[in-house]
Amino acid sequence: MPAPKPKSDGRELRTLTEGLELRFAQSDDEERVAEGYAAVFGIESDIGGYFTEVIAPGAFAKSLDERDCLAVHSHDLGRVVGRKNAGTLELEEDGKGLHFRNDLPDTSDGRDLAVQIDRGDIAGMSFAFRAVHDEWDETVDPPKRTIHEAILYEITYTPMPQYPDTEVGMRSLEHARQEKRTHNRSAAMARIAMRQAQAERKPRSR
C-alpha cells in the first residue's frame, strides 16, 4: 500500500539528498541518533522545470517557535520516529539551513532506519511545508520563487525521493500573477482618474 500523501491544504514536498548521518550516542544502550539537514538556504532548486525555488534564511523560524513537527518514514504519519514537542526531534536553523537531530526509537522502524542510513540506502530527507510568504521573480526564465516564511509539518526519511510537488507552487505563481494584474489595473485606473482631475482643474481658454 503506498504511503499516504500530505493533506491537500497547500502543503508541498521537497527533497534534499545530502548530509544525512547516523551517530551512536555515548551510552550503554547505544542510542542511535540521525542528524543532518532537511533544507538548505540560498540554494536554487529546480522544481520540475516549471520554476526554481530558494528558501530564505529564517523561513522556518516562526513555525519552529510556535508549532510541533514530526519525523516520519516515507511521509507516513503512522510511522513516527521523532517529535519536536516530545524532545526526540531537535530542529534548529543555522547559517546553512534547517538542521535536525533525531533520537531514533527502539522500534522496528527506528532500528531499520539506523541500518539503512548506516548502509547508505537512505541518504536524504524530504519535508512537507506550506508557504506563508513567498515572492516571485518573473524577469527570469523559468520564474524564481523565494520562500520567506513557511509552516513546517514534517521531515521524512525516504529511500525514493518523490518528484517535487509543483501543483501548489504553480497555484501560488498564478495567484501572484493575478495580484499583479489587479494591482496594475488599479494603478492604471488611479492614473486615469488623476489625469482627468488635473484636466478639469485647468482653466479653459476663452
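Now for a description of the structure that goes with this document. (Residues numbered from 1 in each chain as written. Predicted model: local features only at pLDDT ≥ 70, side-chain atom pairs only at ≥ 80, totals over all residues. Heavy atoms only, no water.)

Some remarks on unusual backbone geometry
Here comes step 1: Look at the link from Asp141 to Pro142: it is a cis peptide, with omega at 0 degrees.
Here comes step 2: Phi at Ser74 is positive, roughly 60 degrees, even though this residue is not glycine.
Here comes step 3: With respect to the helices and strands, the residue Ser74 is situated in the loop between strand S6 (70–73) and strand S7 (76–83). (Helix = DSSP H or I, 4+ residues; strand = E, 2+ residues; numbered from the N terminus.)

Section: the nonpolar core
Here comes step 1: One finds Phe60, Leu91, Phe100, Ile155 and Tyr157 to be the most contacted residues of the largest nonpolar core, which totals 30 residues.
Here comes step 2: The greatest single-element share of this core, amounting to five residues, is contributed by strand S11 (residues 144–157). (Core = buried A, V, L, I, M, F, W, Y, C linked by side-chain atoms within 4.5 Å. Buried < 20%, exposed > 50% of the residue type's maximum accessible area, 1.4 Å probe, protein only.)

Some points on the packing of aromatic side chains
Here comes step 1: All told, the structure shown has four aromatic pairs when counted by the stated rule.
Here comes step 2: Judged by centre distance (6.0 Å) and plane angle (85 degrees), the rings of Phe60 and Phe127 are edge-to-face. Of this pair, Phe60 sits in the loop between strand S5 (51–55) and helix H1 (61–66) while Phe127 sits in strand S10 (residues 125–137), placing them 67 residues apart in sequence. Each member of the pair, Phe60 together with Phe127, is buried.
Here comes step 3: Where Phe100 meets Tyr157, the ring centres are 6.2 Å apart and the plane angle is 85 degrees; that geometry is what we call edge-to-face. (Phe/Tyr/Trp six-rings, centres within 6.5 Å; stacked < 30°, edge-to-face > 60°.)

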